[in-house]
Amino acid sequence: MPLTWFAHQVPVFGMKLARPRWFDGVALVFGSMAPDLAYAFTGALGLDGHKAPAAFTFAAPLAVVMAVLFRHVIAGQIPRCFPDLGALSVRSYGVLATRRPAVLITLLSAFLGTGSHVVMDWFTHSGQPAVRWLGYDELEVTVFGYTESLASIFQNVGHTFGSLVGLLLLVLIGRRRLLEEWYSVAQVQEARALHPSSVRSAMWACMFFGGIIGFGLGWSEGFVERVERPAVGTFVGMVIGAMLVRRFDPPATLTVTDRVDDERSSHPTRRYGGPSDG
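Residues numbered from 1 in each chain as written. Predicted model: local features only at pLDDT ≥ 70, side-chain atom pairs only at ≥ 80, totals over all residues. Heavy atoms only, no water.

### Topic: a nonpolar patch on the surface
Working step 1: Taken together, the side chains of Phe56, Val103, Leu107 and Phe111 define a hydrophobic patch exposed on the protein surface, amounting to about 330 Å² of accessible area.
Working step 2: For the nonpolar patch, the leading source of residues is helix H5 (residues 103-122), giving three residues.
Working step 3: Looking at where Val103 falls in the secondary structure, it is placed in helix H5. (Patch = residues over 30% accessible without salt bridge, like charges linked within 9 Å, V, L, I, M, F, W, Y side chains within 5 Å. Areas by Shrake-Rupley, 256 points an atom, 1.4 Å probe, with all protein chains shown as cover. Salt bridge = Lys/Arg side-chain N within 4 Å of Asp/Glu carboxyl O. Helix = DSSP H or I, 4+ residues; strand = E, 2+ residues; numbered from the N terminus.)

Structure, rendered in structure tokens:
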């Protein structure tokens with residue numbers, strides 16, 4: 001099932017929450033998505049992004065490219081076009097544009113994220129190493145007259161409950177104001193400014209047409225291409241839309257830091273109303 005949101009992000013969310021200074025969270029997330037996103041390309045190239053060497057010679061480098069584009073081009077614009085969605089605090093993620101982690105940290109994070117995806121799939125896909133080693137590759141389970149392999153059941157249950165856990169972790173990040181802790185209250189406030197409605201409309205149009213083009217390119221292919229090519233097309237639409245917005249509606253200057261360990265942890269966690277707001 002090539003649906004990479006949000007179950008495959010649970011391990012990398014845990015890594016970032018446990019050791020925020022050690023990892024590039026953006027690269028971790030894109031790494032955890034890369035083996036599935038690679039389906040947009042690997043079918044035509046005859047590669048499998050879930051297996052070595054392609055997982056680390058194609059999928060992980062793809063994650064690095066997408067992480068860099070996200071930080072340098074997308075992050076400062078796209079969150080400002082979304083509703084905040086309550087505790088998720090979506091617009092706060094614009095602050096990701098203000099940090100440039102060390103190159104080595106980004107590379108390692110992308111490869112770790114890719115590896116986490118591959119290892120998770122070992123336990124939930126028939127024919128994979130852990131499924132064979134643990135002896136349930138041929139085991140089937142029948143429930144209410146419906147027969148499915150145990151590995152597939154693990155996959156479906158993992159995607160369902162894992163996605164819920166991933167969303168809950170995002171809510172946790174929002175409720176605990178961890179972005180303010182990892183960056184600073186001032187930087188998050190500065191990054192949250194909402195774009196005018198005309199700019200938001202243009203950005204959404206770019207994303208929509210990118211997704212439609214991706215869907216068209218994947219329609220005559222297999223199921224995985226029909227899922228991942230629209231996803232990659234939407235990402236390309238984000239890049240194009242963000243570049244256009246930066247050209248015609250440049251954002252206010254944001255302070256950019258080059259070191260991942262430049263944590264503003266000395267700032268207390270506050271709400272957006274300012275120091276007097278609790």
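Text resumes after the structure shown.
### Some points on the nonpolar core
Working step 1: Counting 45 residues, the largest nonpolar core has Phe30, Leu37, Phe70, Ile74, Leu96, Leu179 and Met203 as its most contacted members.
Working step 2: Listing elements by their share of this core, those giving two or more residues are helix H2 (25-37), helix H4 (54-74), helix H7 (150-175), helix H8 (178-182), helix H9 (185-191), helix H10 (197-218) and helix H11 (223-248).
Working step 3: For this core, the element with the most residues is H4, which contributes nine residues.
Working step 4: In contact with Ile74, not counting residues within four places along its chain, are Leu69, Pro79, Phe235, Met238, Val239 and Ala242. (Core = buried A, V, L, I, M, F, W, Y, C linked by side-chain atoms within 4.5 Å. Buried < 20%, exposed > 50% of the residue type's maximum accessible area, 1.4 Å probe, protein only. Contact = heavy atoms within 4.5 Å.)

### Describing H7
Working step 1: With 26 residues, H7 should reach 38 Å at 1.5 Å per residue; the first-to-last C-alpha distance of 36 Å fits that figure.
Working step 2: Listed as buried for H7 are Leu150, Ala151, Ser152, Gln155, His159, Gly162, Ser163, Gly166, Leu169, Leu170, Ile173 and Gly174.
Working step 3: Structurally, H7 contributes buried residues whose contacts are with helix H1 (10-18), helix H6 (129-133), strand S1 (140-143), strand S2 (146-149) and H8. (Expected span 1.5 Å × (residues − 1).)

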